[in-house]
Amino acid sequence: MIETSPDSARSDLSMKYLFTSKNLTHRQKLYRWVVIGCWVVMGYACVAVIVFNDDWGQWRFYGGFAAMGLPLLVLFFSLRFVWALLRRLVLVAVGRVGSSPAGGRAPGSVAGPLLGLGFIGCVLWLVGYISFMYQWPYIEDWRRGTVRHENVACQNFHTELSTGKRSHREYVFDLVAENGTEWSYRIRASVMKEKAEDDREPYASVYYTCTGEEDGLSIVLYEHTGIITEAWTNQAGQVH
C-alpha cells in the first residue's frame, strides 16, 4: 500500500499539477473538472453583466435570455459527476467495488453513490427552479412582444438608500398606465440622472416626467418584466 504525505497530497491538488500532469487519478480529473466549471460559469456571468448591464432597453431584455446559459452550464458540468456516480453505483451493485480492511474483497455500499446523486439532484432542482422563476416573465414577454401605453403617469417618485455594504441613492417610483396597470422601479439615482442629462432614452423622458419638468409620457415596454424599450413626451407638438 502506497501512502502519500500531506505535502505531496497538497501538491497533487495544486492548479499547476492539475493542468500539466498527464498522470491524474480519476478523483483528480473530477476535481479539475470542478475548477474548469467554476471558471467557465464565472467568466460567462462576468461577460453577460458587462454586455447587458442596463436597466432598460432591448439589450437588457436579451440579457434575460443570456442568463439562461448559467443553469445550462451548471447542468453540463454536472453530467460528468452524475455519470461517475451512476457507474460506481452499478459496479457496487454487481459486487465489483469494495475492499475489506484486511485487503480482501467485500461488498461495497450503495449509500455513497446514492447520497452523491441525491445531492446533485437537489442542487440541479434548486438551480432549475430559480432559473424557471426568473426566466418565465422573459418567456411570456418574448411570446407577446412589447406593448405601447399612452398618457402614463409617474407616481410616488422619491429617493431611498439601498441596503448593503456600499449603499447608494436610488430613485424609487411607479409608472401607471391609463388602464390601471402599474410597474414599480428602483434605479440607481446617479446612473439615471446622468443618462437623462445625456438625453439617452428611455431614461430622459421618464426622469423628466417623474421630476415634473414634462408630462404626457408614452412608453413601449415588455409588460411582464417591466423593461422599457422606448419612451417619449409631447410638449407643444414636439417630441422630447
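A few points on the structure. (Residues numbered from 1 in each chain as written. Predicted model: local features only at pLDDT ≥ 70, side-chain atom pairs only at ≥ 80, totals over all residues. Heavy atoms only, no water.)

Considerations on the state of the cysteines
Inspection of the entire model under this criterion finds 1 disulfide. At a sulfur-sulfur separation of 2.0 Å, the disulfide partner of Cys154 is Cys210. Taking the torsion about the S-S bond as the criterion, the Cys154 to Cys210 disulfide, at about 100°, is right-handed. Linking Cys154 in strand 1 (residues 147-161) with Cys210 in helix 8 (residues 203-210), this pair joins segments that are 56 residues apart in sequence. Classification of Cys210 by relative accessible area gives buried; the value is 11%. (Disulfide = S-S within 2.5 Å. Helix = DSSP H or I, 4+ residues; strand = E, 2+ residues; numbered from the N terminus. Buried < 20%, exposed > 50% of the residue type's maximum accessible area, 1.4 Å probe, protein only.)

Observations regarding the packing of aromatic side chains
Scanning the model with the defined rule gives 18 aromatic pairs in all. Note on Trp33 and Phe77: the rings are 4.9 Å apart at their centroids and 50° apart in plane angle, and the pair reads as tilted. On the criterion of sequence distance, the pair formed by Trp33 in helix 3 (residues 26-51) and Phe77 in helix 5 (residues 69-93) is long-range, its members being 44 residues apart. Comparing Trp33 with Phe77, the two get one shared label, buried. Aromatic side chains Tyr134 and Tyr138 sit 5.3 Å apart centroid to centroid with 40° between the ring planes, which places their arrangement in the tilted category. Here the residue Tyr134 and the residue Tyr138 both occupy positions in helix 6 (residues 111-144), the gap between them amounting to 4 residues, near one helical turn. By relative accessible area, which is 36% here, Tyr134 ends up partly exposed. Among the aromatic residues, ring-to-ring pairing joins Trp56, Phe157, Tyr171, Phe173, Tyr185, Tyr203, Tyr207 and Tyr208 into one connected group. Above the ring of Trp33, the side-chain terminus of Arg80 is found at 5.1 Å from the ring centroid. (Phe/Tyr/Trp six-rings, centres within 6.5 Å; stacked < 30°, edge-to-face > 60°. Lys NZ or Arg CZ within 6 Å of the ring centre and 35° of its normal.)

A closer look at the pattern of salt bridges
Close approach of charged atoms lets side chains of opposite charge pair. Evaluated as defined, the whole model comprises 5 salt bridges. Here the salt bridges share partners, and the residues they tie into one network are Glu140, Arg143 and Arg144. (Salt bridge = Lys/Arg side-chain N within 4 Å of Asp/Glu carboxyl O.)

A short note on a negative patch on the surface
Side chains of Glu194, Glu197, Asp198, Asp199 and Glu201 sit close together on the surface and give a patch of like negative charge. Looking at the secondary structure, you find Glu197 in helix 7 (residues 189-197). (Patch = residues over 30% accessible without salt bridge, like charges linked within 9 Å, V, L, I, M, F, W, Y side chains within 5 Å. Areas by Shrake-Rupley, 256 points an atom, 1.4 Å probe, with all protein chains shown as cover. Lys, Arg positive; Asp, Glu negative; His and termini not counted. Charge placed at Lys NZ, Arg CZ, Asp CG, Glu CD.)

Here we look at the pairing of strand 3 (residues 182-188)
Burial of the side chains of strand 3 is restricted to one face: Trp183, Tyr185 and Ile187 are buried, whereas none of Glu182, Ser184, Arg186 and Arg188 on the reverse face is. As defined by bridge partners, strand 2 (residues 169-176) adjoins strand 3 across 7 bridges and the pair is classed as antiparallel. Bridge assignment links Glu170 to a residue of strand 3, and that residue is Arg188. From the end of strand 2 to the start of strand 3, which pair antiparallel, there are 5 residues, and Gly180 there has a positive phi angle of about 95°. (Pairing = 2+ DSSP bridges.)

What about helix 8?
Spacing of three or four residues puts side chains on the same side of an α-helix, whose turn is 3.6 residues. The buried count for helix 8 comes to 8 of 8 residues, which makes it a mostly enclosed element. Of all the residues in helix 8, the buried ones are Tyr203, Ala204, Ser205, Val206, Tyr207, Tyr208, Thr209 and Cys210. Phi for Gly212, located one or two positions after helix 8, is positive at around 85°.

As for the packing of helix 4 (residues 58-66) against helix 6
When two helices pack together, their arrangement is captured by the angle between the axes and the distance separating the axes. At a minimum axis distance of 9 Å, the contact between helix 4 and helix 6 shows a crossing angle of 125°. Taken together, the axes of helix 4 and helix 6 lie oblique to each other. The hand of the helix 4/helix 6 crossing is left-handed. In contact with Arg60, Phe61, Gly64 and Phe65 of helix 4, helix 6 contributes Tyr134, Gln135, Tyr138, Ile139, Asp141 and Trp142. For the contact of helix 4 with helix 6, the per-class residue count stands at 6 nonpolar, 2 polar and 2 charged. (Axes fitted to C-alpha atoms, helices over the stretch in contact; angles between N-to-C directions. Parallel < 35°, antiparallel > 145°, perpendicular 65-115°, else oblique. Left-handed = near helix turned anticlockwise from the far one by under 90°. Contact = heavy atoms within 4.5 Å. Nonpolar A, V, L, I, M, F, W, Y, C, P; charged D, E, K, R; others polar.)

So, helix 3
End to end, helix 3 covers 37 Å across 26 residues, agreeing with the expected 38 Å (1.5 Å per residue, within 8%). Within the sequence span of helix 3, burial applies to Gln28, Leu30, Trp33, Val35, Gly37 and Ala48. (Expected span 1.5 Å × (residues − 1).)

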